[in-house]
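Summary of structural features
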Amino acid sequence: MKRLFAGLAMSAAALSALAADVGVSISVGQPGFYGRIDIGSFPPPRLIYAEPVIIQRPAVGVPVGRPMYLHVPPGHAKDWRKHCSKYGACGQPVYFVQESWYNDVYVPGYREREKSRGGSDGHPGKGNGKGNDGGKGGDKGKGNGKGK
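About the cut-offs
- Residues numbered from 1 in each chain as written.
- Predicted model: local features only at pLDDT ≥ 70, side-chain atom pairs only at ≥ 80, totals over all residues.
- Heavy atoms only, no water.
- Helix = DSSP H or I, 4+ residues; strand = E, 2+ residues; numbered from the N terminus.
- Polar contact = N/O pair within 3.5 Å; in protein donor to acceptor, adjacent residues only side chain to side chain.
- Contact = heavy atoms within 4.5 Å.
- Pairing = 2+ DSSP bridges.
- Axes fitted to C-alpha atoms, helices over the stretch in contact; angles between N-to-C directions.
- Disulfide = S-S within 2.5 Å.
- Buried < 20%, exposed > 50% of the residue type's maximum accessible area, 1.4 Å probe, protein only.
- Phe/Tyr/Trp six-rings, centres within 6.5 Å; stacked < 30°, edge-to-face > 60°.

1. Topic: the side chain of H71
- The residue H71 is located in strand β2 (residues 68-71) in this model.
- A polar contact is formed between the side chain of H71 and the backbone oxygen of F33, at a distance of 2.6 Å.
- In this structure H71 touches F33, Y34, G35, V97, E99 and Y102, once residues within four positions along its chain are discounted.

2. Here we look at the sheet that holds β2
- Spatial ordering of the open sheet is given by β1-β2-β3, a layout of three strands whose pairing is mixed. Across the chains shown, the open sheet's two edge strands, defined by having one partner strand only, are β1 (35-37) and β3 (94-96). Put simply, the sheet's adjacent strands are angled 45 degrees from each other on average, direction ignored.
- As paired strands, β1 and β2 are joined by three bridges and run antiparallel to one another. Across the sheet, R36 pairs through a bridge with L70, a residue of β2.

3. Some remarks on the state of the cysteines
- Going through the model one piece at a time under the given rule, you end up with one disulfide.
- Across a sulfur-sulfur distance of 1.9 Å, C84 and C90 are joined as a disulfide pair. Given an S-S torsion of about 90 degrees, the disulfide between C84 and C90 has right-handed geometry. Across the pair, C90 and C84 agree in class, each one buried.

4. A few points about the packing of aromatic side chains
- Evaluated as defined, the whole model comprises eight aromatic pairs.
- Ring geometry for W101 and Y106: centres 5.8 Å apart, planes at 40 degrees, overall tilted. By the burial criterion, W101 is buried, and Y106 matches it.
- Measuring from centroid to centroid gives 5.8 Å for Y106 and Y110, while their planes differ by 25 degrees, and the two rings are stacked. With Y106 and Y110 both in helix α3 (residues 99-117) and four residues apart, the pair spans about one turn of that helix.
- Linked through ring pairs, F42, W101, Y102, Y106 and Y110 together constitute an aromatic cluster.

As structure tokens, this is what we get:
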């Protein structure tokens, strides 16, 4: 019996060492960020699909919210039914922005706008301490509250 407990304790110690928190933070306006983006005053985005995608239509009489713009990894837009819950967007109309537009237009424009506001320079840990999605879960573990 003692051997069993000793073996379990050693296994638990080994597993906890492997599960160390790496502390990676990717924020809006950086390459590699996936989630909701605010188009605001940016030029109209290049879209993957011309029409918004909606998975779960609201009940009759319930108004549909405004479309949201998302930057998602390759393949997520194609199989949106499988991935929409990760972004909290299954019942929302969604436009998917093209990767090239996000990286070539949005990222540089976002960084420039943040610099002019005196905000983050686009590097993790130098923002105002707020998370990147207001706690709505849109980034699936990529934000740790550091950075903007």
